[in-house]
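# Reading the structure
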Amino acid sequence: MTIETVATKPFSDQKPGTSGLRKSVPVFQQPHYLENFIQAIFNTLDGIEGQTLVVGGDGRYYNRQAIQTILKIAAANGIGRILVGTDGIVSTPAISGLIRENNAFGGIVLSASHNPGGPEGDFGIKYNITNGGPAPENITDAIYAETKVISSYKILLGADINLDRPGSFKLGTMDVEVIDAVTPYVKMMEKIFDFDRIEALLTSGKFKMCMDSLHAVTGPYAYALFEQRLGAPKGTVLNGIPLEDFGGGHPDPNLVYAHDLVEILFGQEAPDFGAASDGDGDRNMILGRNFFVTPSDSLAVLTANAHLVPGYQNGITGVARSMPTSAAADRVAAKLGIDCYETPTGWKFFGNLLDAGKATLCGEESFGTGSNHIREKD
């Protein structure tokens, strides 16, 4: 196989935001646009040659094509090994888990989160570092600086990799492993939660739940967890097949865009519990029968009841929230005698607290909660 060096010119609009570079699909489809940004990532990261990366996205339009390009640029830049999800689909929290589990150098996440998809919809790319979390500002600033001076990129000329099923491939000297990304995530959840008790509840006939994946990335995970592993009745998972345009919907789990789920939970014979997730699986909406749980209250409830979950039975060291998130968690933390930290908006700012063991749970106003099992919202 041949490695080609392609001359290019900088684009002026490739500055990453708090969640990476997000633009419309037609912008990313411009000649050299995607290639420039990926090459800028590789140019910026010292010691990347020979390393392992994780690559995957939320399955939106242009996901598969972008992955093929990324794989070929990675091979041309001496990356040693890449793990990529079947069909190119991996949820953002699952990518974080895979990076940590495989001691990977980092990961490339393809998603525009809760933004609409399709040929005229949005697309996005962000880089996650070795701890599994979003790249901090010093790295994203360096990547942006590189995009402003880039003059060429390297790409391997070769056939596309078959992403349809698990398998091992070679692109030049680089190993590519197409993996089942759902099973490792299920195993991670089994280490945190009491699956036997949850299964007993979901199969008792006395408790009914509903999970709406909004035709986005969490569908395969929800099927595997709730309907297969935990025995919930078939039909518990709604809109569970990922679609490139999210079925024409808006994968934002709120009272407006998850209206079908809201109607179910506020309707006749409503289930006991409802949940929805966004495009890449890192935001959530929680509903009860005839009531809505605000994101701020979600964090407070999790903190107050963490001791009931096996993964946190040894106690939690602290809780962290973004600045716009309400102080409900602060009051719970004070009652429990643990620290509560306030961070700027942006999930990356929780990373240092989690890595330092100062916080166990964290959450933000925009429907995101998580814990120290990974470094993303989950």
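Residues numbered from 1 in each chain as written. Predicted model: local features only at pLDDT ≥ 70, side-chain atom pairs only at ≥ 80, totals over all residues. Heavy atoms only, no water.

### Things to note about the overall build of the protein chain
If you tally the helices and strands in the protein chain, you get 12 helices and 18 strands. In terms of overall dimensions, the protein chain is globule-like: its C-alpha atoms have a radius of gyration of 21 Å, near the 21 Å expected for 378 residues. With respect to the three principal axes, the spread of C-alpha positions in the protein chain is 60 × 40 × 35 Å. Here the protein chain, with 378 residues, has 54% of them falling under the buried criterion. (Helix = DSSP H or I, 4+ residues; strand = E, 2+ residues; numbered from the N terminus. Rg over C-alpha atoms; globule rule 2.2 N^0.38 Å. Buried < 20%, exposed > 50% of the residue type's maximum accessible area, 1.4 Å probe, protein only.)

### Observations concerning the environment of Gly132
Here Gly132 is to be found in the loop between strand E6 (122-128) and helix H5 (137-147). For Gly132, a relative accessible area of 0% translates into the label buried. The contact partners of Gly132, leaving out residues within four places of it in the chain, are Ser96, Ile99, Arg100, Arg375 and Glu376. (Contact = heavy atoms within 4.5 Å.)

### Concerning the side chain of Gln68
In this structure, Gln68 sits in helix H3 (residues 63-76). For Gln68, a relative accessible area of 10% puts it in the buried group. If near-sequence neighbours (up to four positions away) are discounted, Gln68 is found in contact with Asp160, Ile161 and Leu163.

### Quick word on the sheet that holds strand E15 (residues 318-322)
Sheet architecture is open: 4 strands sit in the order E16-E15-E17-E18, paired in mixed fashion. What marks the edges here is a single partner per strand, and that holds for strand E16 (339-343) and strand E18 (368-371). Sheet twist, expressed as the average angle between the axes of neighbouring strands with direction ignored, equals 15°. Helix H10 (residues 295-305) rests against E15, strand E17 (361-364) and E18 of the sheet, and its axis sits at about 170° to E17. Against the sheet, helix H11 (residues 328-336) makes contact with E15 and E16, and its axis sits at roughly 155° relative to E16, the strand it touches most. (Pairing = 2+ DSSP bridges. Axes fitted to C-alpha atoms, helices over the stretch in contact; angles between N-to-C directions.)

### What about the packing of helix H6 (residues 182-192) against helix H8 (residues 219-229)?
It is the contact of H6 with H8, at a shortest axis distance of 10 Å, that shows an interaxial angle of 55°. Relative to H8, H6 is oriented oblique. Like other packed secondary-structure pairs, H6 and H8 cross with a definite hand, here right-handed. The segment H6 lies against H8, with Val182, Tyr185, Val186, Met189 and Glu190 engaging Pro220, Tyr221, Ala224, Leu225 and Arg229. Along the lines of polarity and charge, the residues of the contact of H6 with H8 split into 8 nonpolar, no polar and 2 charged. (Parallel < 35°, antiparallel > 145°, perpendicular 65-115°, else oblique. Left-handed = near helix turned anticlockwise from the far one by under 90°. Nonpolar A, V, L, I, M, F, W, Y, C, P; charged D, E, K, R; others polar.)

### Things to note about the sheet that holds strand E2 (residues 21-24)
If you trace the 7 strands from one edge of the open sheet to the other, you get E2-E6-E5-E3-E4-E9-E8, paired in mixed fashion. Two strands lie at the open edges of the sheet, namely E2 and strand E8 (167-171), each paired on one side alone. Strand-to-strand, the axes of this sheet are offset by a mean angle of 20°, without reference to chain direction. Sheet topology places strand E3 (residues 52-57) next to strand E4 (residues 81-89); 5 bridges connect them, and they run parallel. Bridging across to E4, Val54 finds its partner in Leu83.

### Description of the nonpolar core
Among the nonpolar cores identified, the biggest contains 46 residues, and Ile38, Phe42, Ile82, Ile108, Ile125 and Met174 are the most heavily contacted of them. Top element by residues in this core is H3. It accounts for 8 residues. The contacts of Ile38, once residues within four sequence positions are left out, are Ile70, Ile73, Ile108 and Ile125. One finds Ile89, Val186, Met211 and Ala232 within the second-largest nonpolar core, a separate group that totals 42 residues. (Core = buried A, V, L, I, M, F, W, Y, C linked by side-chain atoms within 4.5 Å.)

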